[in-house]
Amino acid sequence: MTRLTTILLSDLLDCDVKSDQGINHGKGFSVWMHPPFHRILGWTSKPSSLKLSLDVWRLDQLKGIEFNNVFVQGSSSASDQATINRFPTLINAGLLNKNGEKMANIVDFVFQPTTGKILYYLVSRSNPKIPGSSRWSLQVNDIKDQQPGSVFSNLHSINDLPL
């Protein structure tokens, strides 16, 4: 089992969540984060497409990743989609330049699993799931302000960011 020093959020959400009791809790579904401090607190998984509830996991329950499985210790908390929708997130927020014009969307991030600290965000102008679509690295210190659905920067254009 691999204990990683950094994890890409999309890699975490692509994995099946397996508990120490051997139960498969389904694929990752969404992130639970604290945007003002650029921290991930946990994530949710969806045990079944027929079940309306979601399982919520704290980041400190993550014990390792192997192949397409995330291993967790302890029990999840049950929640519903309406509650999860109230969790603050920067994923899919629009990235605005210094003139307030939308440049891209935040689509992913890299974080430290031991602390939850987000190291940098990845932004894209198009759907990042399309093969060959470009992603740019957005450093946390490039973010000047944020509010639901919008992230403000002092950047002039997307070309100010590294690919």
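Just above sits the structure.
Here the structure is a predicted model, which is why all the values come from computation and not from measurement.

J.: Break down the pattern of salt bridges for me, with residues and values.
T.: Across all of its chains, the model carries three salt bridges by this definition. Between aspartate 16 and lysine 27 there is a salt bridge, with its nearest N and O atoms 3.9 Å apart. One end of the pair, aspartate 16, is in strand S2 (residues 16-19); the other, lysine 27, is in strand S3 (residues 24-34), and 11 residues separate them in sequence. Between arginine 58 and aspartate 60 there is a salt bridge; the shortest N-O distance is 2.9 Å. Of the residues examined, aspartate 60 reaches a relative accessible area of 52% and is grouped as exposed.

J.: Provide a residue-level description of the sheet that holds strand S5 (residues 54-58), including the pertinent values.
T.: Across the sheet, seven strands lie side by side as S6-S7-S2-S3-S4-S5-S8; this open sheet has mixed pairing. Of all strands in the sheet, those bounded by a partner on one side alone are strand S6 (62-66) and strand S8 (77-79). In this sheet, neighbouring strand axes are inclined to one another by 40° on average, regardless of whether the strands run parallel or antiparallel.

J.: Quick one: what's the story with the pairing of S5, residue by residue and with numbers?
T.: Of all five residues that make up S5, four are buried, and the element is covered over most of its length. As judged from the four bridges shared by strand S4 (residues 39-46) and S5, these two strands associate in the antiparallel manner. The partner of threonine 44 across the bridge, within S5, is valine 56. Here three bridges tie S5 to S8, and the two strands are oriented antiparallel to one another. Paired with valine 56 across the bridge in S8 is serine 77.

Definitions and cut-offs
Residues numbered from 1 in each chain as written. Predicted model: local features only at pLDDT ≥ 70, side-chain atom pairs only at ≥ 80, totals over all residues. Heavy atoms only, no water. Salt bridge = Lys/Arg side-chain N within 4 Å of Asp/Glu carboxyl O. Helix = DSSP H or I, 4+ residues; strand = E, 2+ residues; numbered from the N terminus. Buried < 20%, exposed > 50% of the residue type's maximum accessible area, 1.4 Å probe, protein only. Pairing = 2+ DSSP bridges. Axes fitted to C-alpha atoms, helices over the stretch in contact; angles between N-to-C directions.

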